[in-house]
Amino acid sequence: MASLSWQLAQRYRKSRNSNAFIRFIAASSTIGIGLGVAILILALSVMNGFELALKDKLLSVIPHVELQAVSDPIGNWQKKIRPLQQHPGVVAGAPYIKTNTMIRSGAKVKAANLRGIDLQLEQGISALGSFVVAGDLSHISEHQIVLGKGIADEVQAKVGDEVQLMLPQVTADGKLASHKHVSLTLVAIVSIGGQLDYQQAWVDIHALGQWLNYPPGAVQGFAFKIADIFKAPTLSRELGNMATDYVYMLDWFRTQGHLYNDIQMVRSILYLVLVLVLAVACFNIVATLVMAVREKQGDIAILLTMGMPRRRIVKAFMWLGWLNGLTGTLVGGAVGLVLAWQIEPLFRLITSLTGFSLLDSSIYFVDYVPSHIEPVQVVMTIGIALVMSLLATIYPALSASKVQPAFVLGQR
């Protein structure tokens, strides 16, 4: 009797004598669950990929936390940055000066954000050197400049070319007085991805301080790399409270947080929508079993008359419905894992064949579809599908056990 319910479910499932419409609804429920699971695994893996790309690419270059002077530059910065670097959550820190500038090469002109850095200290907080596509970033002298690839392309500058900067000169009361023109040699071009390539240029911090008439040894602020990027807002406040100067407390959530929030929002919406798709597919299981119970009322009545316990009837029909969900879930899980594993090379292949990319590198920080499979999410997705499939069988199975043999057989 232990396997009777299973054998009965298998017999009904493989039977070709059942109504063709019931078989169609059963097949559609299996396919629906499989598609829902496959797409959900793929979508979540792609969202994980974008989040990982944001962390490993964009956030490996931009500072996680910044302390920027409110008015006067920060003097004696070497002494002031030391206790901030010793904070438990800080990995490294570096000084910076930034301003807006116009970059000209020949007849081409481009507005940009100019950032003065100490290259040796900057390497502790930024992976800028790993994004060099032309030239060498082992050293930046006071007569050299590094450009984002987008800027270099727009002004048609190559490594070794001379470019001119037009820097604003500000009076003591904060008014724009004049402009200073500086000629520099392009020493390297970096390609990070997205708008950063079209906005950012880097020069030596000491040279930029002189051009902007900063006092010797003064900087505009400190940039930090932290261990946990999601604690940036909290750490920015803690570091700001430790600072001895009046500073603005900035973090990456203010500049790039919209990208992270967009990824999380899309992930939540996708999960909700696709779980609802799974729910609709599970309703098909309910419809399939209800019709199967009506079709098999005579068989159920005979089995009950022969002494089969009603709980065996419940288990048999639960097995019958759950097998559809189990098949769809396992097949959909396998298909989803394969798609999530191969979506990046598949996207690159389609892009190379068609010459059209859905992700414009001048807008997005990646020009491909990244994917990262999280085993916990895969298990959770499959588990949810199996549980929903099982719950969908309860009502029809209980209805089957309530069949009255005398009434059913009396009608025959």
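Residues numbered from 1 in each chain as written. Predicted model: local features only at pLDDT ≥ 70, side-chain atom pairs only at ≥ 80, totals over all residues. Heavy atoms only, no water.

Going by an unreviewed UniProt entry, the protein carries the name Lipoprotein-releasing ABC transporter permease subunit and comes from Rheinheimera tangshanensis. Turning to the protein, the UniProt annotation filed under Subcellular location (unreviewed entry) states: "Cell membrane". In its Sequence similarities (unreviewed entry) section, UniProt records this for the protein: "Belongs to the ABC-4 integral membrane protein family. LolC/E subfamily." (UniProt positions renumbered as here; feature names shortened; annotations may be inferred.)

Caption draft 1: Summary view of the overall build of the protein. Along its length, the protein carries 12 helices and 10 strands. Of all 412 residues assigned to the protein, the portion counted as buried reaches 47%. Counted over contacts in the protein with a minimum sequence separation of 6, partners at least 24 positions apart contribute 81%. In the form shown here, the protein has an accessible surface area of approximately 20900 Å², with 60% of it arising from carbon and sulfur atoms. (Helix = DSSP H or I, 4+ residues; strand = E, 2+ residues; numbered from the N terminus. Buried < 20%, exposed > 50% of the residue type's maximum accessible area, 1.4 Å probe, protein only. Contact = heavy atoms within 4.5 Å. Areas by Shrake-Rupley, 256 points an atom, 1.4 Å probe, with all protein chains shown as cover.)

Caption draft 2: Highlighting the side chain of T101. Locating T101 in the fold gives a position in strand β2 (residues 90-105). With a relative accessible area of 4%, T101 lands in the buried category. Only 3.0 Å separates the side chain of T101 from the backbone oxygen of M166, close enough to count as a polar contact. (Polar contact = N/O pair within 3.5 Å; in protein donor to acceptor, adjacent residues only side chain to side chain.)

Caption draft 3: Examining the confidence of the model for the protein more closely. Taken over all residues, the pLDDT of the protein has a mean of 82, while the share at 70 or more is 87%. Per-element confidence in the protein ranges from a low mean pLDDT of 64 for helix α12 (residues 405-410) to a high of 93 for strand β9 (residues 221-226). (pLDDT = per-residue confidence, 0-100.)

Caption draft 4: Highlighting the UniProt feature "transmembrane region" (unreviewed entry) in the protein. Residues annotated by UniProt as "transmembrane region" (unreviewed entry) correspond here to residues 21-47, 269-293, 314-340 and 378-398. For the annotated span residues 269-293, helix accounts for 100% and strand for 0% of the residues, and the straight-line distance between the end C-alpha atoms is 36 Å. Along residues 378-398, the helical share is 100% and the strand share 0%, with 31 Å between the first and last C-alpha atoms.

Caption draft 5: Structural view of helix α3 (residues 77-85). Of the positions making up α3, those classed as buried are W77, I81 and L84. When α3 is viewed along its axis, its buried side chains cluster within an angular range of 50 degrees and face the same direction. Where α3 is buried, its residues meet β1 (65-69), β2, α4 (119-125), β9 and α7 (232-242). (Arc of directions from axis to C-beta.)

Caption draft 6: Quick look at the packing of aromatic side chains. Scanning the entire structure with this criterion turns up four aromatic pairs. Seen in terms of ring centroids, F230 and W252 are 6.5 Å apart; in terms of plane orientation they differ by 65 degrees. Their pairing is edge-to-face. A residue pair is termed long-range when its members are at least 10 positions apart, and F230 in the loop between β9 and α7 and W252 in helix α8 (residues 252-295) qualify at 22 residues. With a relative accessible area of 1%, W252 lands in the buried category. Members of the aromatic cluster, each reached through a chain of ring pairs, are F230, W252 and F253. Just above the ring of Y96 sits the side chain of R115; from NZ or CZ to the centre is 4.2 Å. (Phe/Tyr/Trp six-rings, centres within 6.5 Å; stacked < 30°, edge-to-face > 60°. Lys NZ or Arg CZ within 6 Å of the ring centre and 35° of its normal.)

Caption draft 7: Representation of the side chain of H64 in the model. By the element assignment, H64 lies in the loop between α2 (20-56) and β1. Polar side-chain contacts of H64 include one of 3.1 Å to the backbone nitrogen of I226. In contact with H64, not counting residues within four places along its chain, are L59, F224, K225, I226, I229, A232, L250, D251 and W252.

Caption draft 8: Focus on the pairing of β2. Bridging between β2 and β9 involves six bridges; their strand directions are antiparallel. Each residue of the ladder has a partner; that of Y96, found in β9, is G221. The loop that links β2 with its antiparallel partner strand β3 (residues 108-117) comprises two residues; one of these, G106, has a positive phi angle of about 65 degrees. (Pairing = 2+ DSSP bridges.)

Caption draft 9: The nonpolar core, seen in detail. I145, L165, W211 and F224 are the most contacted members of the largest nonpolar core, which has 73 residues in total. The greatest single-element share of this core, amounting to seven residues, is contributed by strand β7 (residues 176-190). Counting contributing residues, this core receives three or more from each of domain 1 (4-57 + 259-410) and domain 2 (72-245). Other than its neighbours up to four places away in sequence, F224 contacts P63, H64, V65, L67, I81, L84, Q85, V90, A92, G93, I125 and L239. By size, the runner-up hydrophobic cluster in this structure holds 29 residues, among which are V293, I313, V378 and A385. (Core = buried A, V, L, I, M, F, W, Y, C linked by side-chain atoms within 4.5 Å. Domains from an automatic or database assignment.)

Caption draft 10: Focus on the layout of surface pockets. The calculated volume of the largest pocket comes to roughly 710 Å³. As for the largest pocket, its lining consists of 32 residues, of which I62, L196, Q200, T255 and Q256 are closest to the centre. Listing elements by their share of the lining of the largest pocket, those giving two or more residues are β2, β3, β8 (200-204), β10 (247-251) and α8. Here the lining of the largest pocket takes six residues from α8, the largest share from any one element. For the lining of the largest pocket, the class distribution of residues is 13 nonpolar, 13 polar and six charged. For the lining of the largest pocket, the domains that each give at least three residues are domain 1 (4-57 + 259-410) and domain 2 (72-245). (1 Å grid on protein atoms, 1.4 Å probe; cavity = no way out; pocket = protein on both sides within 12 Å on 5 of 7 lines; lining within 4 Å. Points joined across faces, edges and corners; volume = space filled by probe spheres on them. Nonpolar A, V, L, I, M, F, W, Y, C, P; charged D, E, K, R; others polar.)

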